[in-house]
Protein chains: 2
Amino acid sequence: MTKGDAKLTEEYTKLINDGFAEICAKYPDQFPGWVAQGALIAPDAGVREAERALKNGALGVQIYTNIAGKPLDDPAFEPFFAAMNKLNKPIWMHPARAANFPDYLTETKSKYEIWWTFGWSYETAAAMARLVFSKILDKYPNLKIITHHFGGIAPMLEGRIGPGWDQLGARTSDEDLSLILKQLKKRPLDYFKHSFYADTAVFGGVPATHAGLAFYDLDKVVFASDCPFDPEKGTMYTRETLRIIEGIDMPKADKEKIWHGNLEAITGVKFKS
Amino acid sequence: MTKGDAKLTEEYTKLINDGFAEICAKYPDQFPGWVAQGALIAPDAGVREAERALKNGALGVQIYTNIAGKPLDDPAFEPFFAAMNKLNKPIWMHPARAANFPDYLTETKSKYEIWWTFGWSYETAAAMARLVFSKILDKYPNLKIITHHFGGIAPMLEGRIGPGWDQLGARTSDEDLSLILKQLKKRPLDYFKHSFYADTAVFGGVPATHAGLAFYDLDKVVFASDCPFDPEKGTMYTRETLRIIEGIDMPKADKEKIWHGNLEAITGVKFKS
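Treat the numbers as computed from the prediction; the structure is a model and nothing was measured.

Conventions we followed
Residues numbered from 1 in each chain as written. Chains lettered and ligands numbered in written order. Predicted model: local features only at pLDDT ≥ 70, side-chain atom pairs only at ≥ 80, totals over all residues. Heavy atoms only, no water. Buried < 20%, exposed > 50% of the residue type's maximum accessible area, 1.4 Å probe, protein only. Helix = DSSP H or I, 4+ residues; strand = E, 2+ residues; numbered from the N terminus. Right-handed = clockwise from strand over helix to strand, strands pointing away. Pairing = 2+ DSSP bridges. Salt bridge = Lys/Arg side-chain N within 4 Å of Asp/Glu carboxyl O. Contact = heavy atoms within 4.5 Å. Buried area = accessible area lost by both parts, 1.4 Å probe. Nonpolar A, V, L, I, M, F, W, Y, C, P; charged D, E, K, R; others polar. Least-squares fit on C-alpha atoms with pLDDT ≥ 70 in both.

Enquirer: Would you mind going over the pairing of strand S2 (residues 60–64) of chain A with me for this structure?
Expert: Working note: regular strand, side chains alternate between the two faces of the sheet. Residue and element names in this part refer to chain A. Of all the five residues making up S2, four are buried; the element is thus mostly covered by neighbouring parts of the structure. For the segment spanning strand S1 (residues 35–37), helix H2 (residues 43–55) and S2, crossover handedness is right-handed. In this sheet, strand S5 (residues 91–94) lies alongside S2 in parallel orientation, the contact comprising four bridges. Considered in S5, the bridge of Gln 62 is made with Trp 92.

What follows is the structure in structure tokens.
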């Protein structure tokens, strides 16, 4: 990326973020808070704009599971994690993948939108893994990373992340990956279950909601619905997500944490109810 | 693949399959049945050997989620599905992926065994999708495909497979994918939930087991444990899988179906208990 492109990216992101602030100021009942866009494709500018937006009232910063194809543990992005660790504000992590990521080694394109249906949730779990094994979470213990869609596929793969990854290295012969386990502060599964936050947007999936709530600590779960990307292009996902969680046998105080309490705790902002 | 390589593949697979038959004949109490290896890399020979092995007592045939990087809906493999549809015997579908399948477009290798932890389960769901959208399941309605690990990530992504894929085409502008939905006999989600079989091998994952049982029809779930790939290199996964399912509040008759009844129904073989 040229200096000019980076400058343009910064100005463009500023425009978006100032727009969010404006909408929230104008309609506080409908939009009680906003999340800044963090343009890590221009890493220095991304950090600058994240800091500016947070000063300007953003609840946190949204990034993507890859930055133009690069993993989040690329050294270029470390200043962002260092800054967010210092600022102690949450990072929303949104999956990103398109049809140009093939599902088979003999193909060049993902067919039937598999890149979205399965790829996005794969991306989320892979990004979590990279943040764990690169030791970014150990190095920056204040990071509050909110994974979208209950962390994608992570809850379903507890057995692989747990006893499976306790054997890291057993499936690899060209390098000794088992050393990494010794360098980490805890089991890989413990990072996935206890170090990440997760939102509830699973498009009305009942088994997924139960699995997500069973997997993560209750104080790490925040409400989200993915409105308006439902077949009605309206409130269906919000309605269904509310209905499914309301129907779960759980103390009212715990549900309040999911609706707003947990988000208030990590953003330091009190929302009107 | 040359003719000579295909011949070698067939002979090698024969050796394996005859070895399985021999072990089962010798130790019927420990090994009540065997599943043939189907070597689809040499498609014609693969079909021939599958038919021979089934005549020789195999319960079904195991294939992989990709054949040397090719998807299962490649026309080269259709004769196999046609034959299995006619023979009315189950197909065990095992995931296959190695470190040479990268997780990021800028990389050439999957790091930290993510290819195994997440990749294998992605493979399973992607292969299911390809069998659905290519209409192979519609064309060959007797196919009984047993997906490993509760179908990988499928139960967790019910909301994406359901209302998400009901909007197939909405995320694609260079071709009209929505036509495919009209050509299929049912909703994509209905194939995933009601047309596939799934085994219970999730390495002791409790949320995964619950999600799997909630997602698939009860008469489609068959017991499996992935023994001996646990950290003890022994019976841990068998023990844990039994314990978790035993602990679920479900009629005894339903559990019997999972332990052996469903497999008996689709193989036509009665196992001693």
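Enquirer: Which parts of the structure should I look at to understand the sheet that holds strand S5 (residues 91–94) of chain B?
Expert: Pairing between the strands of a sheet is mediated by backbone hydrogen bonds and can be parallel or antiparallel. Residue and element names in this part refer to chain B. Read across the open sheet, the six strands follow the order S1-S2-S5-S6-S7-S8; overall the sheet is parallel. Edge positions in the sheet fall to strand S1 (35–37) and strand S8 (221–222), since each of these pairs with one other strand and no more. Here three bridges tie S5 to strand S6 (residues 145–147), and the two strands are oriented parallel to one another. Within the sheet, the bridge partner assigned to Met 93 lies in S6 and is Thr 147.

Enquirer: Explanation requested: the pattern of salt bridges in the structure shown.
Expert: Side chains that differ in sign of charge can pair as their charged atoms come close. Applying the stated criterion across every chain, the model contains 34 salt bridges over all chains. Measuring nitrogen to oxygen at the nearest pair gives 2.6 Å for the salt bridge that ties Glu113(A) to Arg171(B). Here Glu113(A), found in the loop between S5 and helix H4 (114–117), pairs with Arg171(B), found in the loop between helix H7 (158–164) and helix H8 (178–183), and the two come from separate chains. With a relative accessible area of 1%, Glu113(A) lands in the buried category. Since its relative accessible area comes to 25%, Arg171(B) is described here as partly exposed. Between Glu256(B) and Lys252(B) there is a salt bridge, and its shortest N-O distance comes to 3.5 Å. In this pair, Glu256(B) and Lys252(B) both sit in helix H12 (residues 252–267), four residues apart, roughly one turn of the helix. Given a relative accessible area of 29%, Glu256(B) falls into the partly exposed group. With a relative accessible area of 64%, Lys252(B) lands in the exposed category.

Enquirer: What's the story with the interface of chain B and chain A in this structure? I'm lost.
Expert: How big an interface is tends to be expressed through the accessible area that disappears when the partners come together. Contacts between chain B and chain A engage 76 residues on the former and 76 residues on the latter. With both chains or domains summed, chain B and chain A bury close to 6300 Å², and 63% of this area falls on carbon and sulfur atoms. In terms of surface lost to chain A, no three residues of chain B exceed Tyr112(B), Met156(B) and Arg160(B), which account for 15% of the buried area on that side. If you look at where chain B meets chain A, you find eight salt bridges. If you list the elements that add at least two residues to the side of chain B that touches chain A, you get strand S4 (70–71), helix H4 (114–117), helix H5 (119–133), H7, helix H10 (206–215) and helix H11 (236–246) of chain B. When residues in the side of chain B that touches chain A are grouped by element, the largest group, 11 residues, is from H5(B). Grouping the constituent residues of the side of chain B that touches chain A by class yields 42 nonpolar, 17 polar and 17 charged.

Enquirer: Teacher, can you tell me more about the relation of the copies chain B and chain A here?
Expert: One copy of the chain maps onto the other through a rotation about an axis followed by a shift along the same axis. For the pair chain B and chain A, the relating rotation is 180°, the translation along its axis is 0.0 Å, and the fit reaches an RMSD of 0.0 Å. Put plainly, the chains are arranged around a two-fold axis. Comparing contact sets, 100% of the residues at the interface of chain B also lie at the interface in chain A, consistent with an isologous, same-surface contact.

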